[in-house]
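Structural overview
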Amino acid sequence: MIDLSSNDSSRNLRVREFYLGRQPILDRQQGLVAYELLFRNAPIGPAQIDTSALSATAAVIAHASQLGVERVIGESLAFVNVDADAILSDIFGFLPREKTVLEIDQTMQATPAVLARMSDLASHGFRFALVDVRGDSAQVQAMLPMIEFVKMSMRDTSPDMRARTAPRFKRDGKQLVAEKVETREEFQNCLDLGFDYFQGFYFARPAIMSGKKLTPSQLALLELMKLVTSDADNPDIERAIKRDVSLALNLIRLVNTPAVGARQRIDSLSQAVAILGRRQLQRWLQIMLYAEPGKRGNNLTPLLLLATTRGRLLELLAQKLRPAHRHVADIAFTVGIMSLMDTLFGMPMTEIMTQVAVSEEVSDALLYRAGFFGDLLKLAEALERIEDNEEAILPALADLAMSTQELVELEMAAFEWSDTVTRYAV
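Residues numbered from 1 in each chain as written. Predicted model: local features only at pLDDT ≥ 70, side-chain atom pairs only at ≥ 80, totals over all residues. Heavy atoms only, no water.

Here's the deal with the environment of Pro258
Along the chain, the position of Pro258 falls in the loop between helix H9 (245-255) and helix H10 (269-288). Taking the C-alpha atoms as reference points, Pro258 and Thr420, separated by 162 residues in sequence, lie 9.7 Å from one another. (Helix = DSSP H or I, 4+ residues; strand = E, 2+ residues; numbered from the N terminus.)

Rendered as structure tokens:
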């Protein structure tokens with residue numbers, strides 16, 4: 001149970017444990033610009049919230065913010081859903097105003113008090129997004145002057161409605177965000193209509209092409225990974241790295257970053273391999289499979305960010321659940337990273353398993369979501385799709401004997417690690 005209390009005893013809060021999820025928001029080039037933070041109460045009976053208290057959502061935001069929202073979003077913006085109670089509260093002192101976009105549902109009553117508070121928050125640097133917009137109602141018009149982003153759902157609006165309303169909002173200078181974009185066709189349709197940003201898992205849906213083979217660069221990385229895992233001599237590993245100039249340069253850059261912490265400048269591959277060590281070298285190679293050349297900062301691919309976050313979360317879960325077995329955490333990381341390779345390569349996972357040598361427990365997790373690692377993977381996938389899979393999370397946590405509070409802490413650590421490693425390592 002989370003217990004957040006203000007100085008006003010009439011506004012004491014007792015709110016259920018919560019889940020935290022985040023969904024990337026991408027620009028027209030599919031570069032990362034923001035995350036929507038998804039806070040959901042665990043389905044464990046009714047929330048006990050006094051009618052005079054802040055909303056449950058606001059209380060959860062407060063707690064997550066105390067844990068550190070910037071750990072979750074890195075250098076990106078945070079879209080955070082709020083209601084009228086939250087708008088009228090003082091909860092926003094917890095949030096980094098220069099990085100926060102407050103999401104308001106189009107059905108929220110635009111009372112004079114709400115509009116005045118929105119104006120005050122805007123004067124302090126907060127921005128607003130209007131969500132689930134389906135038309136041009138009086139409510140929408142009342143709030144529109146203070147709105148920067150207009151979000152339209154692919155599930156709740158028809159193509160005809162989007163075609164009619166999107167140009168009007170564009171003429172008003174609003175930035176359009178397409179939500180629940182699940183297919184490449186929907187993404188292209190919204191591009192054609194002039195949408196600026198996109199949210200949904202279309203980027204993680206594999207376009208399967210039968211008989212497709214890995215590219216030479218991907219094969220080189222996999223061959224190098226085999227050398228590392230088979231305990232090949234360092235000179236053999238160095239020679240393999242030297243055959244790919246960009247790989248060699250990235251490795252030198254990696255060992256000279258704060259993430260590695262070398263005490264002096266490293267300029268040779270032999271030093272780099274020795275300092276990084278086999279375990280970290282293997283991990284870096286797995287991550288590099290997802291890295292597109294020339295994409296850094298806000299242009300990092302969402303698949304890279306999703307894979308690194310998933311891998312780290314599985315590793316942290318394994319460390320928590322099997323603390324005496326370090327190799328279990330390493331396997332969990334590999335399962336997390338490899339679970340998106342069908343999307344990365346555009347190939348069925350069954351075919352990838354014929355080209356990449358893995359243990360039976362890894363194969364079972366990737367193909368059937370079976371075993372201990374399969375259970376961890378199912379939990380991570382449910383969290384990524386928390387809006388659609390909330391009911392799947394509680395049984396998974398019960399099976400793993402974990403609380404939602406423990407899960408949130410591990411999620412935040414995974415988000416922070418993903419942001420750091422993709423900033424420095426690719």
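Thoughts on the pairing of strand S8 (residues 149-153)
Summarising burial for S8: 5 of the 5 residues are buried, a large majority. Here S8 shows two buried faces, one formed by Phe149, Lys151 and Ser153 and the other by Val150 and Met152. As defined by bridge partners, strand S7 (residues 127-131) adjoins S8 across 2 bridges and the pair is classed as parallel. For Leu130, the partnering residue across the bridge sits in S8 and is Val150. Regarding topology, helix H4 (residues 138-143) serves as the crossover connection from S7 to the parallel S8, and that connection is right-handed. (Buried < 20%, exposed > 50% of the residue type's maximum accessible area, 1.4 Å probe, protein only. Pairing = 2+ DSSP bridges. Right-handed = clockwise from strand over helix to strand, strands pointing away.)

Observations regarding the nonpolar core
Considering soluble globular proteins, one finds that nonpolar side chains tend to be buried as a cluster. With 137 residues, the main nonpolar core has Leu251 and Tyr290 as its most contacted residues. No other element matches helix H11 (residues 302-321), which puts 10 residues into this core. Contacts of Leu251, omitting those with residues within four sequence positions, involve Ile241, Leu269, Ala272, Val273, Leu276, Leu281 and Trp284. In terms of nonpolar packing, the next biggest core, distinct from the first, is built from 9 residues, Ala34, Leu77, Phe79 and Val177 among them. (Core = buried A, V, L, I, M, F, W, Y, C linked by side-chain atoms within 4.5 Å. Contact = heavy atoms within 4.5 Å.)

A closer look at the confidence of the model for the protein chain
For the protein chain, per-residue confidence averages 84 on the pLDDT scale, and residues scoring 70 or more make up 87% of the total. Low pLDDT, under 50, characterises residues 1-16; the predicted model gives this stretch 44 contacts beyond four residues in sequence or across chains. Note on residues 42-53: pLDDT is under 50 here. Beyond four places in sequence and across chains, it has 23 contacts. (pLDDT = per-residue confidence, 0-100.)

What about the packing of aromatic side chains?
Across all of its chains, the model carries 9 aromatic pairs by this definition. On the numbers, 5.8 Å between centres and 85° between planes, the contact of Phe333 with Trp417 is edge-to-face. Of the two residues, Phe333 sits in helix H12 (residues 326-338) while Trp417 sits in helix H18 (residues 404-424), which places them 84 residues apart along the sequence. Across the pair, Trp417 and Phe333 agree in class, each one buried. Each member of the aromatic cluster is reached from another via a ring pair, and the members are Phe187, Phe198, Phe201, Tyr202 and Phe203. Against the face of Phe333 rests Arg283, its NZ or CZ located 3.9 Å from the ring centre. Here the guanidinium or amino end of Arg322 rests over the ring plane of Phe372, the centre of that ring lying 3.9 Å away. (Phe/Tyr/Trp six-rings, centres within 6.5 Å; stacked < 30°, edge-to-face > 60°. Lys NZ or Arg CZ within 6 Å of the ring centre and 35° of its normal.)

Regarding unusual backbone geometry
Its identity as a non-glycine residue notwithstanding, Asp231 has a phi of 60°, on the positive side. In this structure, Asp231 sits in the loop between helix H7 (216-229) and helix H8 (234-242). Accessibility expressed as a relative area gives 61% for Asp231, which makes it exposed.

Some points on the pairing of S7
Along a regular strand, successive side chains alternate from one face of the sheet to the other. Most of S7 is tucked away: 4 of the 5 residues are buried. Pairing between strand S6 (residues 100-105) and S7: 5 bridges, direction parallel. Residue pairing for S7: Glu103 is matched across the bridge by Ala129. The β-α-β motif built from S6, the intervening helix H3 (residues 112-123) and the parallel element S7 has right-handed crossover chirality.

A few points about the pattern of salt bridges
Summed over the entire model, instances satisfying the criterion amount to 25 salt bridges. Between Asp236 and Arg239 there is a salt bridge, and its shortest N-O distance comes to 2.3 Å. Taken together, the residues Asp236 and Arg239, both in helix H8 and 3 residues apart, mark about one turn of the helix. Looking at Asp236, the relative accessible area reads 30%, which means it is partly exposed. Looking at Arg239, the relative accessible area reads 47%, which means it is partly exposed. (Salt bridge = Lys/Arg side-chain N within 4 Å of Asp/Glu carboxyl O.)

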